[in-house]
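Residue-level listing of the chains:
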Amino acid sequence: MLYRTHLLGGFAAGYLATGSVACGTASAVFSLLPDIESPKSFIGRRLLPVSVAGKLVFGHRQAFHSLIGAFLFAAAAHLFFGPHFSGAGVSCFAGYVSHLALDSFNPAGVPWLWPYRKRFSFPLVETGSIAERMVVLPGLAGIVSLLFIRGFFISVANLLKGAVIR
Ligand SMILES: [Zn+2]
């Protein structure tokens with residue numbers, strides 16, 4: 001999937017998992033991590049030495065596109081960012097898994113249970129296809145918009161509640 005699709009899916013996953021816009025935003029960024037082993041990806045082009053090494057060592061859509069990858073990166077995020085941002089591990093896991101879920105709609109599939117090599121897919125959407133650009137991206141943008149609106153109304157309701165109590 002396109003990185004924009006992953007950003008939107010990552011935000012939605014992180015926000016739904018935690019109810020926090022900050023965690024949703026972190027999840028959006030973390031959702032790009034599985035493609036760090038692809039030199040052609042959005043994140044891979046920006047971290048070229050890392051992505052070239054990652055592809056050589058792990059291959060594309062192998063270990064990094066699995067639940068083991070999700071757990072390892074979430075643990076690393078918790079260790080590195082946890083002292084400053086308590087939602088780091090959960091945000092990373094939610095964003096990472098959202099990436100795997102979205103890539104599962106690609107015919108190439110995802111080896112969720114790596115090192116077991118079977119790839120799981122619901123082959124509905126090719127990366128960058130009209131279906132992704134015209135259906136998946138606008139659909140996710142709509143979901144994220146609704147989540148923002150929901151968050152806004154919850155914030156207003158909490159403010160009013162506070163005002164009534166005082
Ligand atoms: Zn991917």
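For the structure, check the block above.
Quick look at the overall build of the chain
The helix and strand inventory of the chain stands at 7 helices and 0 strands. Its helices and strands taken in sequence order, the chain reads α-α-α-α-α-α-α from the N to the C terminus. Reported as C-alpha extents along the three principal axes, the dimensions of the chain are approximately 60 × 40 × 30 Å. Of all 166 residues assigned to the chain, the portion counted as buried reaches 38%. For the chain, the share of sequence-separated contacts (at least 6 apart) that also reach a separation of at least 24 residues comes to 52%.

With respect to the nonpolar core
Formed by 33 residues in total, the largest nonpolar core has its most connected members in Ala-70, Phe-73, Ala-74, Cys-92, Phe-93, Tyr-96 and Val-97. Elements with a contribution of two residues or more to this core: α1 (3–18), α2 (21–30), α5 (67–81), α6 (88–103) and α7 (130–165). No other element matches the 8 residues that α6 contributes to this core. In this structure, Tyr-96 is in contact with Phe-30, Ser-31, Leu-33, Pro-34, Ala-70, Phe-73 and Ala-74, ignoring residues within four places of it in sequence.

Let's talk about unusual backbone geometry
In the segment running from Trp-114 into Pro-115, the intervening peptide bond is cis, with an omega of 15°. Relative to the helices and strands, Pro-115 resides in the loop between α6 and α7. Phi angles above zero are rare outside glycine, and Arg-61 is one such case at about 55°. Here Arg-61 shows up in the loop between α4 (48–58) and α5. By the C-beta count within 10 Å, which is 21 here, Arg-61 ends up buried.

Some details on α5
Taking 1.5 Å as the rise per residue, α5 with 15 residues should run 21 Å; its terminal C-alpha atoms sit 20 Å apart, in good agreement. Here α5 has its buried residues at Gly-69, Ala-70, Phe-73, Ala-74 and Ala-77. For α5, the arc enclosing every buried residue in end-on projection is 125°, short of the 170-degree limit, so these residues lie on one face. Buried residues in α5 make contact with α2 and α6.

Remarks on the environment of Gly-151
With respect to the helices and strands, the residue Gly-151 is situated in helix α7. A tally of 15 C-beta atoms within 10 Å means that Gly-151 is categorised as partly exposed. Sequence separation of Gly-151 and Gly-24 is 127 residues, and the distance between their C-alpha atoms is 11 Å.

Observations concerning α6
Taking 1.5 Å per residue as the helical rise, α6 with its 16 residues ought to reach 22 Å, and the 22 Å between its terminal C-alpha atoms agrees with that figure. Most of α6 is tucked away: 14 of the 16 residues are buried.

With respect to the packing of α1 against α6
For the pair α1 and α6, the least separation of the axes is 8 Å and the interaxial angle reads 130°. Taken together, the axis directions place α1 and α6 in an arrangement best described as oblique. Every pair of crossing elements has a handedness; the one defined by α1 and α6 is right-handed. From α1, Thr-5, His-6, Gly-9, Gly-10, Ala-13, Gly-14, Ala-17 and Thr-18 reach across to α6, where they touch Val-90, Ser-91, Ala-94, Gly-95, Val-97, Ser-98, His-99 and Leu-102. Residue composition of the contact of α1 with α6, by class: 6 nonpolar, 10 polar and no charged.

About the thresholds
Residues numbered from 1 in each chain as written. Predicted model: local features only at pLDDT ≥ 70, side-chain atom pairs only at ≥ 80, totals over all residues. Helix = DSSP H or I, 4+ residues; strand = E, 2+ residues; numbered from the N terminus. Buried ≥ 20, exposed ≤ 12 C-beta atoms within 10 Å, placed from the backbone. Contact = placed C-beta atoms within 7 Å. Core = buried A, V, L, I, M, F, W, Y, C linked by C-beta atoms within 7 Å. Expected span 1.5 Å × (residues − 1). Arc of directions from axis to C-beta. Axes fitted to C-alpha atoms, helices over the stretch in contact; angles between N-to-C directions. Parallel < 35°, antiparallel > 145°, perpendicular 65-115°, else oblique. Left-handed = near helix turned anticlockwise from the far one by under 90°. Nonpolar A, V, L, I, M, F, W, Y, C, P; charged D, E, K, R; others polar.

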